[in-house]
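# Secondary and tertiary structure notes
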Amino acid sequence: MKEMTIMLDCGLSAQSILNFLPLPLVPSPRLGSLSNWLPRDCNDPQLEGELKECHGRVFVDSAPEFCPPLGKLIDYSEIDVILISNYTAMLALPYITEGTGFHGIVYATEPTLQIGKFYLEELVQYLEQTPKAALASRWKELLHLLPPPLSESFKPRCWKQLYNLTTLSSSLARIQTVGYNEKLDVYGALKVTAVSSGYCLGSSNWVINLDHEKVAYVSGSSTLTTHPRPMDQNALKNADLLILSGLTQVPSSNPDSMLGELCMTVVSTLRGNGSVLIPCYPSGVIYDLFECLSAHLDSSSLSQIPMFFISPVADTSLAYSNILAEWLSEVKQNRVFMPEEPFPHAYLVKMGRLKHFTHIYANGFNTEFRMPCVVFCGHPSLRFGASVHFVELWGSNPAHTIIFTEPDFAYLDALAPFQPLAMKAVHCPIDTSLNFVQANKLVRELKPANLVLPDCYTVPPPSLPHRTDLVIQQADHKVLVMKRGEVISLPLKKKKVKVKLSAELASCLTPTQIKPGVMLSSLTGNLVVRDNHFDIKMFEGSEGDSNQLLPVKSSQNSQFEWGTVNVDLFVQRLNEEGITDAKVEPSPSGYIIHLQNQDTVIQIDDRSTHIFCEEPDQKLRKHLRKVLSECLNKF
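Calculation criteria
Residues numbered from 1 in each chain as written. Predicted model: local features only at pLDDT ≥ 70, side-chain atom pairs only at ≥ 80, totals over all residues. Heavy atoms only, no water. Axes fitted to C-alpha atoms, helices over the stretch in contact; angles between N-to-C directions. Helix = DSSP H or I, 4+ residues; strand = E, 2+ residues; numbered from the N terminus. Parallel < 35°, antiparallel > 145°, perpendicular 65-115°, else oblique. Left-handed = near helix turned anticlockwise from the far one by under 90°. Contact = heavy atoms within 4.5 Å. Nonpolar A, V, L, I, M, F, W, Y, C, P; charged D, E, K, R; others polar. Pairing = 2+ DSSP bridges. Buried < 20%, exposed > 50% of the residue type's maximum accessible area, 1.4 Å probe, protein only. Patch = residues over 30% accessible without salt bridge, like charges linked within 9 Å, V, L, I, M, F, W, Y side chains within 5 Å. Areas by Shrake-Rupley, 256 points an atom, 1.4 Å probe, with all protein chains shown as cover. Salt bridge = Lys/Arg side-chain N within 4 Å of Asp/Glu carboxyl O. Lys, Arg positive; Asp, Glu negative; His and termini not counted. Charge placed at Lys NZ, Arg CZ, Asp CG, Glu CD. Arc of directions from axis to C-beta. Polar contact = N/O pair within 3.5 Å; in protein donor to acceptor, adjacent residues only side chain to side chain. Core = buried A, V, L, I, M, F, W, Y, C linked by side-chain atoms within 4.5 Å. Phe/Tyr/Trp six-rings, centres within 6.5 Å; stacked < 30°, edge-to-face > 60°. Lys NZ or Arg CZ within 6 Å of the ring centre and 35° of its normal. Disulfide = S-S within 2.5 Å.

### A look at the packing of helix H15 (residues 567-576) against helix H16 (residues 619-630)
H16 packs onto H15 with a crossing angle of 135° between their chain directions and a minimal axis gap of 9 Å. Viewed along their axes, H15 and H16 adopt a mutual orientation that is oblique. In this structure, the crossing between H15 and H16 has a hand that is right-handed. Where H15 approaches H16, its residues Phe570, Arg573 and Leu574 are matched on the opposing element by Leu624, Val627, Leu628 and Glu630. The residue inventory of the contact of H15 with H16, partitioned by class, reads 5 nonpolar, no polar and 2 charged.

### Looking at the sheet that holds strand E30 (residues 609-613)
Here we have 4 strands laid out as an open sheet, ordered E27-E28-E29-E30, and antiparallel in their pairing. Looking at the sheet topology across the chains shown, the edges are occupied by strand E27 (582-587) and E30. Sheet twist, expressed as the mean angle between neighbouring strand axes with direction ignored, is 15°. As defined by bridge partners, strand E29 (residues 600-605) adjoins E30 across 5 bridges and the pair is classed as antiparallel. Note on E30: the bridge partner recorded for Ile604 is Thr609.

### Side note on the side chain of Thr405
Within the secondary structure, Thr405 sits in the loop between strand E17 (401-404) and helix H12 (411-415). Since its relative accessible area comes to 0%, Thr405 is described here as buried. Residues within four places of Thr405 in sequence aside, it is in contact with Leu262, Ile278, Pro279, Leu289, Cys428, Pro429 and Ile430.

### Examining the packing of helix H3 (residues 110-128) against helix H4 (residues 165-172)
Two elements in contact, H3 and H4, have axes separated by 10 Å at closest approach and are oriented at 170°. For the element pair H3 / H4, the angle class is roughly antiparallel. The residues of H4 that touch H3, namely those facing Leu113, Lys117, Leu120, Glu121, Val124 and Glu128, are Leu165, Leu168 and Leu172. Here the contact of H3 with H4 is built from residues that sort into 6 nonpolar, no polar and 3 charged.

### Description of the pairing of strand E11 (residues 214-218)
Among the 5 residues of E11, 5 are classified as buried, and the element is accordingly described as predominantly covered. Two strands pair when backbone bridges link them, and strand E10 (residues 204-209) and E11 are joined in this way by 4 bridges, in the antiparallel orientation. Counterpart to Trp206 in the pairing with E11 is Tyr217. The hairpin turn running from E10 into E11, its antiparallel successor, is 4 residues long. Taken together, the 4 bridges between E11 and strand E12 (residues 241-244) define a ladder with parallel strand orientation. Within the sheet, the bridge partner assigned to Tyr217 lies in E12 and is Ile243.

### Let's talk about the sheet that holds strand E4 (residues 57-60)
Spatially, E2-E3-E4 is the arrangement adopted by the 3 strands of the open sheet, whose pairing is antiparallel. Looking along the sheet, the strands with just one partner apiece sit at the ends: strand E2 (35-36) and E4. Relative to E4, strand E3 (residues 51-54) runs antiparallel, the two being bridged by 4 bridges. Across the sheet, residue Lys52 finds its bridge partner in E4, namely Phe59.

### A look at a positive patch on the surface
Together, Lys478, Lys493, Lys495 and Lys496 make up a positively charged patch on the protein surface. Relative to the elements of secondary structure, Lys496 occurs in the loop between strand E20 (478-482) and strand E21 (499-501).

### Here's the deal with H4
Looking at H4, one finds that the buried residues are Leu168, Ser171 and Leu172. With its buried residues spanning 95° around the axis, H4 presents them on a single face. Backbone nitrogen of Thr166 and a side-chain oxygen of the N-cap are separated by 3.2 Å at the start of H4; the cap is Asn164.

### Remarks on unusual backbone geometry
With an omega dihedral of 0°, the bond running from Met371 to Pro372 counts as a cis peptide bond. Here Pro372 lies in the loop between helix H10 (365-368) and strand E16 (374-377). Along the chain, Gln419 connects to Pro420 via a cis peptide bond; the corresponding omega equals -5°. If you trace the backbone, Pro420 turns up in the loop between H12 and strand E18 (424-427). With phi around 60°, Leu382 is a residue other than glycine that occupies positive phi space.

### Comments concerning the nonpolar core
Phe66, Ile82, Val374, Phe376 and Phe390 are the most contacted members of the largest nonpolar core, which totals 96 residues. At 9 residues, H3 tops the list of elements feeding residues into this core. Each residue touching Phe390, except ones within four places of it in the same chain, is listed here: Leu277, Ile310, Ile360, Phe365, Phe369, Val375, Cys377 and Gly395. Among the nonpolar cores identified, the runner-up in size contains 22 residues, and Ala439, Leu453, Leu470 and Ile472 belong to it.

### A closer look at a nonpolar patch on the surface
A cluster of nonpolar side chains, namely Val497, Val499, Leu527 and Val529, defines an oily patch on the protein surface of about 320 Å² accessible area. On the secondary structure map, Val529 appears in strand E24 (residues 525-530).

### Regarding the pairing of E29
Summarising the sheet, strand E28 (residues 590-595) and E29 pair through 6 bridges and their orientation is antiparallel. Within E29, the position partnered with Leu595 by the bridge is Thr600. Hairpin connection, E28 to E29: the antiparallel pair is bridged by 4 residues, and Asp599 has positive phi, about 55°.

### What to know about the environment of Pro380
Among the structural elements, Pro380 can be located in the loop between E16 and helix H11 (386-394). Owing to a relative accessible area of 5%, Pro380 belongs among the buried residues under this scheme. For the pair Pro380 and Lys583, spaced 203 residues apart in sequence, the C-alpha separation works out to 86 Å. With residues up to four places along the chain from it excluded, the contact list for Pro380 reads Pro279, Cys280, Tyr281, Phe404, Glu406, Phe409 and Ala414.

### Details of the packing of aromatic side chains
Under the counting rule described, the total for this entry stands at 17 aromatic pairs. Seen from their ring centres, Tyr95 and Tyr163 are 5.2 Å apart, and the 65° between their planes marks the pair as edge-to-face. Taken as a pair, Tyr95 in helix H2 (residues 93-97) and Tyr163 in the loop between H3 and H4 lie far apart in primary sequence, 68 residues in all. An aromatic cluster is present here, built from Phe308, Phe357, Phe365, Phe369, Phe390 and Trp394 joined pairwise through their rings. Lying across the ring of Phe154, Lys155 places its NZ or CZ 5.8 Å from the centre. Here the basic side chain of Arg484 rests over the ring of Phe154, its NZ or CZ set 3.8 Å away from the ring centre.

### Looking at the state of the cysteines
This model, assessed by the stated rule, comprises 0 disulfides. Here Cys377 stays unpaired: no disulfide links it, and the sulfur of Cys280, its closest cysteine neighbor, is 6.6 Å away. Here Cys377 falls in the buried class, since its relative accessible area comes to 0%.

See the structure below:
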């Protein structure tokens, strides 16, 4: 836009890590004894040991790799600004900003920066605490010989290992924090504003304004009443272009019913003397789980059951969430002024019901740990972190239960390298993002002129092909569909540009009223274009006389014609000037006047007049121009 390159979010696709074996905290005899797998009739020695088979499925035995944004589509060094919507949409930032020549600006809210830092640091520490010596790469050249889902991997040659903490710190230092509704000027070309999206702490939608055009970017939004500040819809209304993404990943699941099912499953397992494992992220919906689950345990007479939260950033996550009053819902904000902590987990920690540790080998964990219990720990993919340890530890006991609440990973794929598994697995995905009913209602209320959607929102989900209601249905709008890796042109046509007149020049203007309420004036000035701002200043004279200011008009007698030609008046004036043979014929866009004796044709259209005259001395042409000018309005 306006010669600026804008990147909306920089999410990291972590689906690729499901193709790798888990990284246990302590050596696992079971994983260590998995047999090597080789394609039939393939004797490639470089492939030896890269692939392992577990329960009929093939995995890569290597450090997990992630799929960053496709770098060959655009040169990252050309990006001027990155707008980050929430902390789940910034995990690829170090791949974009470091070592690519990137010199742009990155904008995010304060909670997005701080909680995103928790997410990223946790991810890095998980992988650094269980390093893999070997890096498998040969299998990527032989995809056609591999079984699914490995053979269906998306561009595995582009996958990368995770960055380190030094690269992460350097990348995060580039982020400039913003507040809600703060108008930011981006290199003078446009203004961007973050508005609350209601999805998580500090999450935002973005409004991009040019002088006369407005673009709204809606990503990761929620209209449900949870702990973040509610969604601001007014700022998004009547946009020339609405880009919609980040809808729910589980459109057939209701968050409230999933939360109820989770609470009942936990109580049922605990009463059977089993423990519950909930793989989770260090922030987000976990705050609501602490609150709802503790209340449900109280009502079920299970208040004595401990809850453990294990994460390298557990301490900072719990502490930071309680000092973000201005980013919370009104109910949570009011508790701050009572004074109380906005979240109940501070009370749960104080009472010893919620115990948090950085690692399972942290001081005090062995002393405090007792069963039955509820354990919250990462990572939801079950490829690294304490969750791998607990699945290995409890997997053979059917009394225990693992509950999947995060929708980012297919739970059966996450469990695949642990099969056969005796512990119960329950899928309760809680995704508070907009569902299709809410999104359709939102777009109808926002009334954008154009709507841009990912193509997957225009067809039912592959798992529910009969659910034709699970699509964005917007017959009232011009809809553009985008596919991965595709370049589309957006229907944004810049019609006007704002120009500022200097006070000195404005004082010299002599406007003339051409009709009631409309005045015109000509001017001569110097147009200065700098930082995408346009200014007209007094025009200075030649280099030898730099102080001389030219007048606004080159001559006080100069006049400018405007309006349309009155053909009858024009013919009458020609008669008065002695030209009596004018013959008028209508044309598709106006009139054609033939002057037969002079061998001349005058073509009058709505917006122009042409005189075709064969006379070599131009005397007649000038005479006709004078007569024509007298038939027009002037200023």
